[in-house]
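# Overview (structure and organization)
Given next are the chains, with one letter for each unit.
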Amino acid sequence: MRHRLPASAAATVLALTVLSPAAASAQSTAAETLRVDLASPTGAFHGGATGILYGLGDPGVPSRDLIAGMRPRTISQKAPDGDQHPNGDALVVADDFFAAGGTDVHIYAQDVYSKWPYEDLGIDDYVAKLRPQLEKVAKRPDRDRFVWTIFNEPDGIWYSDWAAKKEKFFADWARVYRLVKSVLPNARITGIGETRYRADHLREFLAYAKANNVLPDITTWHELGPDSLATYRGHYADYRDIERSLGITPRQININEYSNRRDTSVPSQMIQWITMLEDTKVDGQLAYWSMAGNLSDHAVRAGRANGGWWLTKWYADLSGDTVRVTPPRPNTRDTLQGMATLNRNDGKATVLLGGTANPVDVAVTGLDRRLFGSQVDVRVSKTTWSGYEGDAQQPPVVAASRVRVVDGKATIAVPGGDPLAAYQVIITKAGLPAPPVTTAPWQASYEAESGTIENANVYVQDDGSGSWDMAMRYTASGRKDVGAMNKPGSRVTVEVDVPRNGTYRLGVFHGTNAFVGQQALYVDDKHVTNLTFPATLSWVYRGRLDTPIALTAGKHRISLRTSGPAGFLGSTSDVTLDRFDLTEVTGPDQRVYPLADARRSGGTTDCGVFALLLDTPGAVILAPGDSVTTYVSATEDGYHKLSTSMFAMGRNTLSLTLSGRRVADGDLTTRGGGVWSGGATVHLKAGVTEVVLSNESRTPVAVGTLTQVRDTAADRYSARVEAETAQLAGGAAVASGTWASGGSYVNWLGNKGTLTVPRPPAVRKAGQYNLTVAYAQAEKNTGHPYNTDTITRTLVAIEQGGKATSAPYRHNYTWDGFWPETSPIDLTTAGGSLTFGNPAAWGPNVDWIQLSPLVVANMVTPRR
């Protein structure tokens, strides 16, 4: 199957400009209808559906920016000092989670055991292991924010023979419950926590718990089967009936493990789960299938986002009341589903939808004329699957229009053609005279298995049956991929057709089995370059490699081959190929973030006079002390100009905070009243950065959009040093490496092994810097049945005459394939050298080290 993604060149109508045959076919079919009734509220937005089991691994893995953007209310983590996994300790990750806006940390108390299923050493042994956990938590001032899962999956572990062992379970439950409450009287306890919804078990358990005053504070169970998308709402209703029949006050519910491997990271799948959990106002936690610390497959590396993360961020952005949404086929797996909110204070309605390749008509009713007027402005943004380890940037606006409201009704067309995508529809009162516009560049996608395949095999990863086996497999675009690329003549060729001469970004969805891969790229049978693919967890754990290519208008043949001009590339060419994306590049990397859509601490939105003055569809008015938070994305480490427009009453200052770090030279200060443009050129890490603009003045200030433009010329301010040129000590050594930038790297860092680099002339000044380290490390535990127990390594930088700064470096699948990772470092001397190592453990292998001043330019100028 071949399909193209929707595209438009700044049109103001809801239309697609380019369609491949499959997408065109999807568009020619009758659109599905999603009905949204804004006049039928269903309760305050809850926001609990995107919790995570073992979503956090270590401090900084994942980054606080990704946690805050996703904003999970709850997470479940390992018991303090537990042996089940090498990381994910609840007390180790809690501070980052709470600082990022999280509410509760659930502790899987039985994860103190090392084996899976847990060793059954008797309830006395478990109680002895539980008490130290409780006492450790009791010492914390935030002890009441920890929730206790005292038994996990008792129907499968220790008490699987329910008929014979339920009385023992009840007695053990009561004993452990009372122990927890004796140490932590205010502790909340979850249960029953079974592998699936079992109404008979729940009824018997709750009856016993009520009679013995040991009722769980939060009711939990898992929804892991592929049929849960069809059966969950029935389970929820049945459970509430059980409560009523037993005279039990309704419990808070947490579906503390949900989803399958094929769902995580995939927007069209995740929207179906999120919708049903939000509809019932419960919390839910994504299951832990791959590795700790990657937000259940939504974090790329430590601080980058995939397409699924952007959906969770959209969900976290919602506010106000949810309203009634009626899909064509409720409670039907793998079909169009959606949810919507109405925020009357902001005059904004938002719809999230997905689950179909067909176009969708969003039929909106209840558009209050007092709130929306006679016309509304509509923006439709799209986030699609970018792979589990594939970086995705800010979702583009793929359709936009101004729509007339008739009798409180309007129909909004959402383009189809992409079965893996989810969409965000934002509806506001028509603002400026000009309607909203699209921002999506031309793009097309081509399935590898639909191309010409030579000396390789097509593998079916999903047969469409919806079986448990299929659900437990990782997603593949088009449900198939091409593998066994292990012969000199192996190749995959796709035919493409591009609209214009220019530069296009080729995105190759790929997988390797934990090694760096390489294939030769040919265009029209001419060798262009060899592509080097970063390692991934496995052949089916998809990443995406982007590379620019120049194409003339018209048809071309793009081919990936295991042999290049110098011959067969060897075993490293055995890379699984899934899909090829082509995206037109029309200038410098640039993105615009409407601050009216951002999160605010105080402040109000305006689509009238201030929006007109700032030439934006919506403005944000910040009173003194108010702030606005948005999340920007960068494709690579480097300098970007962040700029905004401001309307000030007099001298005003907006402070700039990046990733929780107040930028010392980033203040944007107006010199008087009027409209001003202000911007700072700052070094951003690749991936997602939380940006906060705060009004530090005594009078209000209005801000419009935040614009981000890549400034490659400013990269000259960065200074890079090859690790092998440094002074080594304590056992650190130079090693040869095919994938290292200079052919060499340094290993055996840590445990007394160090490398010392003098400060290059360009960075001999005290101040705020970003430190970028190209590293590799593949340490992990072995033996768990299905989790990859990856281990994070730490590198400590000690400034001569200054202080020590540490940064985490997550497992990257291989010892000799290097990822750049950027972290903050504040230097206090004018030229003190930097010594890298780790006095307490091993550090990662290091290819090169780079220092970049955080800010290199700052300017505020009057616009009028």
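So, here is what we can say about the structure in this document.

## A word on the environment of Asp-711
The residue Asp-711 is located in the loop between strand E44 (701-710) and strand E45 (719-722) in this model. For Asp-711, the residues in contact, after removing those within four places along its chain, are Tyr-639, His-640 and Thr-681.

## Thoughts on the sheet that holds strand E9 (residues 283-286)
Spatial ordering of the closed barrel is given by E2-E3-E4-E5-E6-E7-E8-E9, a layout of eight strands whose pairing is parallel. Strand-to-strand twist in this sheet, taken as the mean axis angle between neighbours without regard to direction, amounts to 30°. Here strand E4 (residues 104-108) runs beside strand E5 (residues 146-149); their pairing, made up of four bridges, is parallel. Among the inter-strand pairings, Val-105 is bridged to a residue of E5, identified as Phe-146.

## Points about the pattern of salt bridges
Inspection of the entire model under this criterion finds 48 salt bridges. Two residues, Asp-125 and Lys-129, come together in a salt bridge whose shortest N-O distance is 2.8 Å. On the criterion of helical spacing, the pair formed by Asp-125 and Lys-129 is a turn pair, its members being four residues apart in helix H4 (residues 123-138). Residue class for Asp-125 comes out partly exposed when judged on its relative accessible area of 22%. By relative accessible area, which is 29% here, Lys-129 ends up partly exposed. In this structure, Asp-481 and Arg-542 form a salt bridge, with 2.6 Å as the shortest nitrogen-oxygen distance. On the criterion of sequence distance, the pair formed by Asp-481 in strand E23 (residues 480-483) and Arg-542 in the loop between strand E27 (526-533) and strand E28 (543-551) is long-range, its members being 61 residues apart. One continuous salt-bridge network, built from bridges that share partners, spans Asp-95, Arg-140 and Asp-142.

## Considerations on the packing of aromatic side chains
Considering all chains together, one arrives at 44 aromatic pairs under this definition. Both rings, one in Trp-385 and one in Tyr-388, keep their centres 5.9 Å apart while their planes meet at 85°; by these two values the pair is edge-to-face. One aromatic cluster is present, built from ring pairs that chain together Tyr-113, Tyr-126, Phe-151, Trp-158, Tyr-159, Trp-162, Phe-169, Phe-170, Trp-173, Tyr-177, Phe-205 and Tyr-208. Above the plane of the ring of Phe-98 lies Arg-145, whose end atom (NZ or CZ) is 3.8 Å from the centre.

## Considerations on the sheet that holds strand E52 (residues 804-809)
In space, the five strands of this open sheet follow the order E46-E49-E54-E51-E52, with antiparallel pairing throughout. Strand pairing shows two members of the sheet lacking a second neighbour, strand E46 (727-729) and E52, which therefore form its edges. Averaged over all neighbouring strand pairs, the angle between strand axes comes to 20°, with direction disregarded. Alignment of strand E49 (residues 754-757) against strand E54 (residues 834-837), held across three bridges, turns out to be antiparallel. When the bridges of E54 are listed, Val-757 appears paired with Leu-834.

## Thoughts on the packing of helix H7 (residues 228-246) against helix H8 (residues 267-279)
Put simply, H7 and H8 touch, their axes get as near as 10 Å, and they point 5° apart. Relative to H8, H7 is oriented roughly parallel. The residues of H8 that touch H7, namely those facing Ser-228, Leu-229, Tyr-232 and Arg-233, are Gln-269, Gln-272, Trp-273, Thr-275, Met-276, Leu-277 and Asp-279.

## So, the pairing of strand E14 (residues 348-354)
With seven of its seven residues buried, E14 lies for the most part within the structure. The alternating pattern of E14 places Lys-348, Thr-350, Leu-352 and Gly-354 and Ala-349, Val-351 and Leu-353 on opposite faces, both of which are buried. Sheet topology note: the strand E13 (residues 337-343)/E14 ladder contains seven bridges and is antiparallel. The residue bridging Asn-343 from the neighbouring strand is Lys-348, located in E14. Adjacent in sequence and paired antiparallel, E13 and E14 are bridged by four residues, among which Gly-347 carries a positive phi angle near 60°.

## Some remarks on the side chain of Thr-562
Here Thr-562 is to be found in the loop between strand E29 (554-561) and strand E30 (563-564). Excluding residues within four positions of it along the chain, Thr-562 makes contact with Met-485, Lys-487, Pro-488, Gly-489, Ser-490, Gly-567, Phe-568, Leu-569 and Ser-573.

## Some remarks on the pairing of E45
Burial along E45 is one-sided: Ala-719 and Val-721 are buried, while Arg-720 and Glu-722, pointing the other way, are not. Of the strand pairs in this sheet, E45 and strand E55 (residues 845-853) are connected by four bridges, and their pairing is antiparallel. Across the sheet, Arg-720 pairs through a bridge with Gln-850, a residue of E55.

## Here's the deal with the nonpolar core
Of all hydrophobic cores here, the largest spans 94 residues; its most connected members are Tyr-126, Trp-148, Ile-150 and Phe-151. Top element by residues in this core is helix H5 (residues 162-183). It accounts for nine residues. Ranked by size, the runner-up nonpolar core spans 37 residues in total, among them Tyr-541, Leu-771, Tyr-809 and Phe-836.

## Some thoughts on helix H3 (residues 90-99)
Across the 10 residues of H3, seven count as buried, placing the element largely inside the fold. Residues of H3 that are buried include every one of Ala-90, Leu-91, Val-93, Ala-94, Asp-96, Phe-97 and Phe-98, and no others. Here the buried face of H3 lies against helix H2 (64-70), strand E3 (74-78), E4, H4 and E5. Its side-chain oxygen at 2.9 Å from the backbone nitrogen of Leu-91, Asp-89 defines the N-terminal cap of H3. One or two residues past the end of H3 sits Gly-101, with phi positive at roughly 105°.

Rules of the game
Residues numbered from 1 in each chain as written. Predicted model: local features only at pLDDT ≥ 70, side-chain atom pairs only at ≥ 80, totals over all residues. Heavy atoms only, no water. Helix = DSSP H or I, 4+ residues; strand = E, 2+ residues; numbered from the N terminus. Contact = heavy atoms within 4.5 Å. Pairing = 2+ DSSP bridges. Axes fitted to C-alpha atoms, helices over the stretch in contact; angles between N-to-C directions. Salt bridge = Lys/Arg side-chain N within 4 Å of Asp/Glu carboxyl O. Buried < 20%, exposed > 50% of the residue type's maximum accessible area, 1.4 Å probe, protein only. Phe/Tyr/Trp six-rings, centres within 6.5 Å; stacked < 30°, edge-to-face > 60°. Lys NZ or Arg CZ within 6 Å of the ring centre and 35° of its normal. Parallel < 35°, antiparallel > 145°, perpendicular 65-115°, else oblique. Core = buried A, V, L, I, M, F, W, Y, C linked by side-chain atoms within 4.5 Å. Polar contact = N/O pair within 3.5 Å; in protein donor to acceptor, adjacent residues only side chain to side chain.

What is shown is where atoms sit, not what they do.
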